[in-house]
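# Coordinate inspection notes
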Amino acid sequence: MSIRVLIADDESLMRSGLKLLLGAATDIEVIAEAVDGVEAIDLARRLSPDLVLMDIRMPRLDGLEAAQTLLSDPEHPQVLMLTAFGTDDFIHRALQSGAAGYILKDTPPEELINAVRAAADGTRTLSATALATLMSSRPAASASDQDPLAPLSTREREIAEAVAQGLTNAQVARSLFVSTATVKTHLARIFDKLEVTSRVQLALLVNARR
């Protein structure tokens, strides 16, 4: 089945480009376009897309507020933020609202398509630039800090490192020559051992060691 996507962006040229790009993927269907946050909420509630690709800076209601409103609904689509603004405040607010990811508009086309697929599946995704922004806003770890990955086995470390690089479960499975189910089982143990609840938190923890 196709991933049904609603695009919300106030720039018509951007909407057209995204529609062409996503429409070229055989498993993605753009079902509607919204020009602001108010229309995005209305269309999402009426059409029930699998995912809303949401800009931040829009008239009437910005994308962060629209995302927060949509994600508070009992039955809601995934929301993937796509914006030109990579500030740490915007990223934190988006993730705190429950957004499935934060991607910048200069993201390569194939990475954007993969991010849509991952977000629709409930996997949180951050572009490399957004992740770097979050990392730069964190206090630097001291040499005496304990290795946060110490509780993990060798295989769990490999999977944690791969996830931190932005790989999907399927990509991790292929790179380590294991099944996707095995990756999911290891990830559940990793989350439990490290007391994290998302791939983004895991990525931040892994990258804090570097």
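Residues numbered from 1 in each chain as written. Predicted model: local features only at pLDDT ≥ 70, side-chain atom pairs only at ≥ 80, totals over all residues. Heavy atoms only, no water.

This next bit is on the sheet that holds strand S3 (residues 51-54). Spatial strand order, S2-S1-S3-S4-S5-S6: six strands in an open sheet with parallel pairing. The sheet terminates laterally at strand S2 (28-34) and strand S6 (125-126), the two strands that pair on one side only. In terms of strand pairing, strand S4 (residues 78-83) meets strand S5 (residues 101-104) through four bridges, oriented parallel. Across the sheet, Met-81 pairs through a bridge with Tyr-102, a residue of S5. Helix H5 (residues 109-120) contacts strand S1 (3-8), S2, S3, S4, S5 and S6 of the sheet and is inclined by roughly 155° relative to S4. (Pairing = 2+ DSSP bridges. Helix = DSSP H or I, 4+ residues; strand = E, 2+ residues; numbered from the N terminus. Contact = heavy atoms within 4.5 Å. Axes fitted to C-alpha atoms, helices over the stretch in contact; angles between N-to-C directions.)

Among the structural elements, Glu-156 can be located in helix H7 (residues 154-164). Setting aside its immediate chain neighbours within four residues, Glu-156 contacts Pro-151, His-186, Arg-189, Ile-190 and Lys-193.

This part takes up the UniProt feature "modified residue: 4-aspartylphosphate" (unreviewed entry) in the protein. Summarizing the sequence annotation, UniProt attributes the feature "modified residue: 4-aspartylphosphate" (unreviewed entry) to Asp-55 in the numbering used throughout. With respect to the helices and strands, the residue Asp-55 is situated in the loop between S3 and helix H3 (63-71). Ignoring sequence-local partners within four residues, the contact set of Asp-55 consists of Ala-8, Asp-9, Asp-10, Gly-63, Met-81, Leu-82, Thr-83 and Lys-105. (UniProt positions renumbered as here; feature names shortened; annotations may be inferred.)

Here we take up the pairing of S1. Within S1, five of the six residues are buried, leaving the element largely enclosed by the surrounding structure. Handedness of the crossover joining S1 and S2 through helix H1 (residues 12-23): right-handed. (Buried < 20%, exposed > 50% of the residue type's maximum accessible area, 1.4 Å probe, protein only. Right-handed = clockwise from strand over helix to strand, strands pointing away.)

Two strands pair when backbone bridges link them, and S1 and S2 are joined in this way by six bridges, in the parallel orientation. Bridging across to S2, Ile-3 finds its partner in Ile-28.

A separate point is the environment of Phe-191. Considering the arrangement of structural elements, one finds Phe-191 in helix H9 (residues 180-194). Residues Phe-191 and Ala-160, 31 residues apart in the sequence, show an inter-C-alpha distance of 9.5 Å. Residues within four places of Phe-191 in sequence aside, it is in contact with Val-196, Thr-197, Ser-198, Arg-199 and Leu-202.

The phi torsion at Ser-48 lies on the positive side, around 50°, for a residue other than glycine. Take Ser-48: it is sitting in the loop between helix H2 (37-47) and S3. Take Ser-48: its relative accessible area is 49%, and that puts it in the partly exposed class. Positive phi, normally seen in glycine, also occurs at Arg-60, with a value near 65°. Structurally, Arg-60 can be placed in the loop between S3 and H3. Under the relative-accessibility criterion, Arg-60 is labelled exposed at 65%.

Another aspect to go through is the pattern of salt bridges. Counting across every chain of the model gives 10 salt bridges. We note a salt bridge from Asp-55 to Lys-105, for which the minimum N-O separation is 3.6 Å. With Asp-55 in the loop between S3 and H3 and Lys-105 in the loop between S5 and H5, this pair connects stretches of sequence that are 50 residues apart. Take Lys-105: its relative accessible area is 25%, and that puts it in the partly exposed class. (Salt bridge = Lys/Arg side-chain N within 4 Å of Asp/Glu carboxyl O.)

Moving on, we get to the side chain of Asp-9. Tracing the sequence through the fold places Asp-9 in the loop between S1 and H1. You can call Asp-9 buried: its relative accessible area is 2%. Engagement of the side chain of Asp-9 in a polar contact is seen with the backbone nitrogen of Glu-11, the distance being 2.8 Å. Side-chain polar atoms of Asp-9 contact the side chain of Lys-105, separated by 2.9 Å. Here Asp-9 is in contact with Met-14, Arg-15, Ala-34, Val-35, Asp-55, Met-58 and Lys-105, once residues within four sequence places are set aside. (Polar contact = N/O pair within 3.5 Å; in protein donor to acceptor, adjacent residues only side chain to side chain.)

Here we take up the packing of H2 against H3. Running from amino to carboxyl end, H2 crosses H3 at an angle of 25°, the nearest separation of the two axes being 9 Å. With respect to H3, the element H2 is oriented roughly parallel. Viewed along their axes, H2 and H3 form a crossing whose handedness is right-handed. Between H2 and H3, the residues in contact are Gly-37, Ala-40, Ile-41, Ala-44 and Arg-45 and Ala-66, Thr-69 and Leu-70, respectively. Among the residues making up the contact of H2 with H3, the classes are represented as five nonpolar, two polar and one charged. (Parallel < 35°, antiparallel > 145°, perpendicular 65-115°, else oblique. Left-handed = near helix turned anticlockwise from the far one by under 90°. Nonpolar A, V, L, I, M, F, W, Y, C, P; charged D, E, K, R; others polar.)

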